[in-house]
Structure formats: C-alpha cells, structure tokens
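Residues per chain are reported as follows:
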Amino acid sequence: MISNNRPLFFVERRRAPRGRGPRGVFAVLGVAAVLLFAWFFRAPLAEFLVQAAAPLLRARFSPVLQTEPPHDRDALYAENLELKRMLGRSVAFERVLAAVLLRPPAVPYDTLLIDAGSEQNVAVGDWVAAGGVVLGEVSEVYARAARVALYSAPSSEFDAILRRGDKTLPITLQGQGGGSLQAQVPAGAGVAVGDEAVVPGLYAGVVANVVGVGAGPSESFNAVYFQLPLAVSSLHFIEVWKTPSHDPR
Amino acid sequence: MTPASRYIYAVSFVLVAGGFLTPWWPLSVFGVALAALSGRWLFGLLAGVILDLAYGAPTTTAQFLFFPFGLFALLLALVRVVANRFLFSRGFREKI
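Below is a short write-up of the structure. Chains are numbered independently. Their residues run from 1 in the order of the written sequence. Chains and ligands are labelled sequentially in the order written, the chains with letters from A and the ligands with numbers from 1. Reporting of local features is limited, given that this is a predicted model, to residues whose pLDDT is at least 70; pairs of side-chain atoms are given and counted only at 80 or more, and all residues count toward the totals for whole chains, interfaces and linings. Side-chain measures were taken over the full set of non-hydrogen atoms in the model, leaving aside hydrogen atoms and water.

## Some remarks on the overall build of chain A
Where helices and strands are cited, they refer to DSSP runs of H or I of at least four residues and of E of at least two residues respectively, numbered from the N terminus. Within chain A, the secondary structure is distributed over three helices and twelve strands. Burial status across chain A gives 37% buried among its 249 residues. Surface exposure here means Shrake-Rupley accessible area, sampled with a 1.4 Å probe, where a residue is shielded only by the protein chains that are shown. Per element, the accessible surface of chain A, about 14100 Å² overall, is 59% carbon and sulfur. Buried means the residue's accessible area, taken with a 1.4 Å probe over protein chains only, is under 20% of the maximum for its type, while exposed means over 50%, and partly exposed covers the values in between.

This is the structure:
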C-alpha cells in the first residue's frame with residue numbers, strides 16, 4: 001500500500017494550486033464596484049476631498065501677491081477702458097478673486113484648482129486671468145472650489161487674434177503643455193518675436209507672446225511658438241472674470 | 001499583517017502623500033506603483049482613485065480615461081499576476 005505522502009517512483013510533483021476562480025470573481029467585482037462608485041459620485045467625492053485638503057493646501061502654498069503688471073501696460077489699459085466708456089461700451093468685468101490651491105507641477109495636467117466655486121458665483125466657461133493675462137477657463141465648479149483648464153494644456157485649441165502693431169491676424173492656438181502654445185500662420189505674414197496673441201472680443205486680453213517662428217508643415221505655412229507671459233508654477237492668486245453679456249463667445 | 005507588509009503600506013502612503021503635498025506628482029506615481037507591484041493592489045487602486053479625484057480628469061486626449069492613476073494601479077497589478085504566473089512560477093522538480 002502506497003502512502004499518499006510518499007512520492008511515486010521518486011518523482012516529486014508539486015501539489016496543484018487551489019482554485020482561484022471565486023477569489024478572482026470577487027476581485028473583479030470589487031474593482032468594478034470601486035470604479036463605478038467613483039464614477040457616479042465623482043463630483044461630490046472630489047468636492048469633499050478639496051474641502052478637506054483646502055486648509056492644508058493654503059498653508060502649504062502660502063499666498064504671495066502676484067507681481068504688478070508693467071506701468072505702461074496699466075496706462076494703456078486705463079486709456080482703453082476710458083475710451084470704451086466714452087463710446088458707450090463698458091468692458092468692466094465682475095471679478096472674483098481666488099487663491100490657487102493646486103498648480104503645476106503639483107498637478108500632472110495643465111490645470112489649476114482654485115478656492116472659489118458656485119457660492120462665489122463662479123460658473124463653467126468664466127475666464128481666469130492673472131496680472132491682466134488671460135490664462136484659461138473654468139472647466140469644473142464645486143460649491144467652494146473650481147478647476148481651471150489652462151489654454152496651454154496639450155491638445156487644447158482655441159481661436160485668438162495675433163496682433164502686431166495695428167495689424168491683426170486670426171489664428172488657432174494649440175496648447176503644447178508647460179505654458180507653451182503653437183499656431184500655424186501663412187508664410188510671409190511678418191510675424192516677429194514679441195507679437196501678442198489676444199482673445200477675440202471687446203476686452204482683447206493678452207493670452208501669450210511670440211517667442212519663436214519656425215518652418216511649418218509646408219512651405220505655405222510657418223509655425224509660430226508662443227509662451228504664457230507669466231509662470232503658472234508661481235501663481236498664488238488669480239481673478240475669475242464673469243463673462244459679460246455683450247461678449248460674442 | 002507581516003512586518004514587511006506594514007513597511008510597504010507605510011512607504012507607499014508616504015510616497016503618495018508626499019507627492020501630493022510637494023510639487024512633484026511622480027512621487028505619488030511611485031507610491032501607487034509600489035503598492036500595486038507588491039501585491040497590495042486594493043490599496044494601490046484606492047490611492048490611485050483618490051489621486052484622480054484630487055487632480056481631476058486629464059485635459060489631453062487621455063481625458064477619456066477619467067481615472068488614469070486607478071487604471072495604472074490595476075495595470076501594474078495585472079502585470080504582477082502575469083509575471084508571477086509566466087516568469088517566476090516554480091516548475092516541476094524532478095529527481096531520480
């Protein structure tokens with residue numbers, strides 16, 4: 001009689017592993033449950049996390065006032081507002097000041113998390129600016145926080161106007177990430193480093209400055225490289241501009 | 001819970017939290033990867049989903065992933081299962 005514990009013919013074999021069927025099914029169901037729960041309750045969960053972490057983020061990223069824009073820009077801006085007021089067109093925006101809770105490189109995407117939400121009358125689509133420079137738009141709104149999608153986010157596109165002196169050229173800006181943007185312009189358009197891209201509309205706020213001009217995909221077009229005028233990684237305060245009713249956007 | 005398991009959980013948590021508090025998100029990715037590759041896939045998945053809720057959805061073409069960090073943890077857990085089965089499994093031991 002051969003004992004079950006003794007190897008047969010001196011050939012030793014490992015015991016077959018236990019069945020993993022039920023455990024595997026439970027694992028898959030558990031993963032699916034977690035992801036579905038996070039999917040359906042994404043907004044309230046995100047809002048809860050943001051509110052819970054807001055004091056810590058404020059303490060971590062201690063606020064420092066953004067540097068003032070150049071004085072000549074202030075003078076031109078004031079003159080622009082005065083002229084429009086005299087001509088009966090007001091471009092005064094309702095503005096909401098907000099602190100930046102998360103910004104690149106703390107966030108892996110070109111987005112900002114600010115501490116103003118629907119309770120402060122912030123809505124999706126509102127412009128976000130700092131120092132007179134339009135940085136992006138509000139993409140998600142919670143009760144007391146909001147996410148901002150920067151115009152320089154990769155794969156984002158928006159229409160702008162390239163301004164050089166008294167000449168303008170409509171372009172489509174494509175975000176490249178890290179505060180960089182790119183556009184294609186017809187060859188011979190005379191674009192030079194230092195030209196500005198502004199948002200279309202009555203306000204015409206600056207979005208980016210030209211930092212380089214290169215060869216385009218064909219001989220008919222040139223690639224123009226833009227850069228945000230300020231460093232997003234050093235932003236502490238931003239302004240949310242409520243979209244005015246006369247804006248064609 | 002073994003001491004090694006406690007150590008791995010603690011290091012993973014420190015990496016994930018440190019990456020969130022310091023302006024260097026790849027540190028959080030290391031924490032999620034450590035948890036998922038060491039077999040603590042549920043902890044890695046939960047950490048990844050919490051990071052996705054905090055960071056928000058991607059703005060690039062990856063926006064359709066919705067939970068990139070969570071899916072990354074699941075992928076690494078799957079890599080561990082496949083590696084254990086096909087690369088590190090012990091074969092039959094035969095002796096005559």
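## Here we look at the pattern of salt bridges
Residue and element names in this part refer to chain A. Each reported salt bridge corresponds to a side-chain nitrogen of Lys or Arg within 4 Å of a carboxyl oxygen of Asp or Glu. Tallied over the entire structure, the rule returns six salt bridges over all chains. Its salt-bridge partner being E239, residue R95 comes within 3.1 Å of it at the nearest N-O pair. Residue R95 is found in strand β1 (residues 95-102), and its partner E239 is found in strand β12 (residues 237-241); the two are separated by 144 residues along the sequence. Overall, E239 belongs to the partly exposed group, its relative accessible area being 25%. For K242, the salt bridge is made with D126, and the minimal N-O distance between the two is 2.9 Å. A residue pair is termed long-range when its members are at least 10 positions apart, and K242 in the segment after β12 and D126 in the loop between β2 (111-114) and β3 (127-130) qualify at 116 residues. Grouping residues by exposure puts K242 and D126 together as buried.

## Regarding the packing of aromatic side chains
Stacked, edge-to-face and tilted are the three classes for Phe, Tyr and Trp ring pairs, Trp counted by its six-membered ring, which pair at centre distances within 6.5 Å; planes under 30 degrees apart are stacked, over 60 edge-to-face, the rest tilted. Under the counting rule described, the total for this entry stands at seven aromatic pairs over all chains. Relative to F66 of chain B, the ring of W39 of chain A has its centre 4.6 Å away and its plane inclined at 75 degrees; by these criteria the two rings are edge-to-face. Residue W39 of chain A is found in helix α1 (residues 21-40), and its partner F66 of chain B is found in the loop between α3 (41-55) and α4 (68-86); the two belong to separate chains. By relative accessible area, which is 43% here, W39 of chain A ends up partly exposed. Take F66 of chain B: its relative accessible area is 29%, and that puts it in the partly exposed class. The interplanar angle of 35 degrees and the centroid separation of 6.0 Å between the aromatic rings of F20 of chain B and Y55 of chain B together place this pair among those described as tilted. Here Y55 of chain B lies in helix α3 and F20 of chain B lies in helix α1 (residues 3-21), a separation of 35 residues in the sequence.

## Topic: the side chain of D52 of chain B
Structurally, D52 of chain B can be placed in helix α3. Asp and Glu count as negative and Lys and Arg as positive, but His and the ends of the chain are not part of the count. Of the side chains bearing the opposite charge, R42 of chain A lies closest to the buried D52 of chain B, which forms no salt bridge; the N-O distance is 6.2 Å. Contact criterion: two residues are considered in contact whenever any of their non-hydrogen atoms come within 4.5 Å of each other. Residues within four places of D52 of chain B in sequence aside, it is in contact with R42 and Y109 of chain A together with F66, F67, P68, F69 and G70 of chain B.

## A look at the packing of α1 of chain B against helix α2 (residues 26-37) of chain B
Residue and element names in this part refer to chain B. Orientation is described by lines fitted to C-alpha atoms, with helices fitted over the stretch in contact, and by angles between N-to-C directions that extend from 0 to 180 degrees. The N-to-C vectors of α1 and α2 enclose an angle of 160 degrees; their axes lie 6 Å apart at closest approach. With respect to their mutual orientation, α1 and α2 come out roughly antiparallel. Considering only the axes of α1 and α2, their crossing is left-handed. Seen from α1, the contacting residues are I8, V11, S12, L15, V16, G18, G19 and F20; seen from α2, they are L27, S28, F30, G31, V32, L34 and A35. Residues are grouped as follows: Ala, Val, Leu, Ile, Met, Phe, Trp, Tyr, Cys and Pro are nonpolar; Asp, Glu, Lys and Arg are charged; all remaining types, including Gly, are polar. Grouping the amino acids of the contact of α1 with α2 by side-chain chemistry returns ten nonpolar, five polar and no charged. Note on angle classes: values under 35 degrees are labelled roughly parallel, values over 145 roughly antiparallel, values of 65 to 115 roughly perpendicular, and the remainder oblique. Each crossing is labelled by how the near helix is turned from the far one, with a counterclockwise turn of less than a right angle marking it left-handed and a clockwise turn marking it right-handed.

## Things to note about the environment of A208 of chain A
All names here are of chain A. Mapped onto the elements, A208 comes out in strand β10 (residues 206-215). Using a relative accessible area of 0% as the deciding quantity, one classes A208 as buried. C-alpha of A208 to C-alpha of L230: the two residues are 22 residues apart in sequence and 9.0 Å apart in space. With residues near it in sequence (within four places) discarded, A208 still touches L181, D195, E196, A197, F226, Q227, L228 and P229.

## Here we look at α4 of chain B
Residues and elements named next belong to chain B. Helices are assigned an expected span. That span is 1.5 Å times one less than the residue count. Spanning 19 residues, α4 covers 26 Å between terminal C-alpha atoms, matching the ideal 27 Å at 1.5 Å per step. When we look at burial in α4, the residues that qualify are P68, F69, G70, A73, L76, A77 and A83. Buried-residue contacts for α4 involve α2 and α3.

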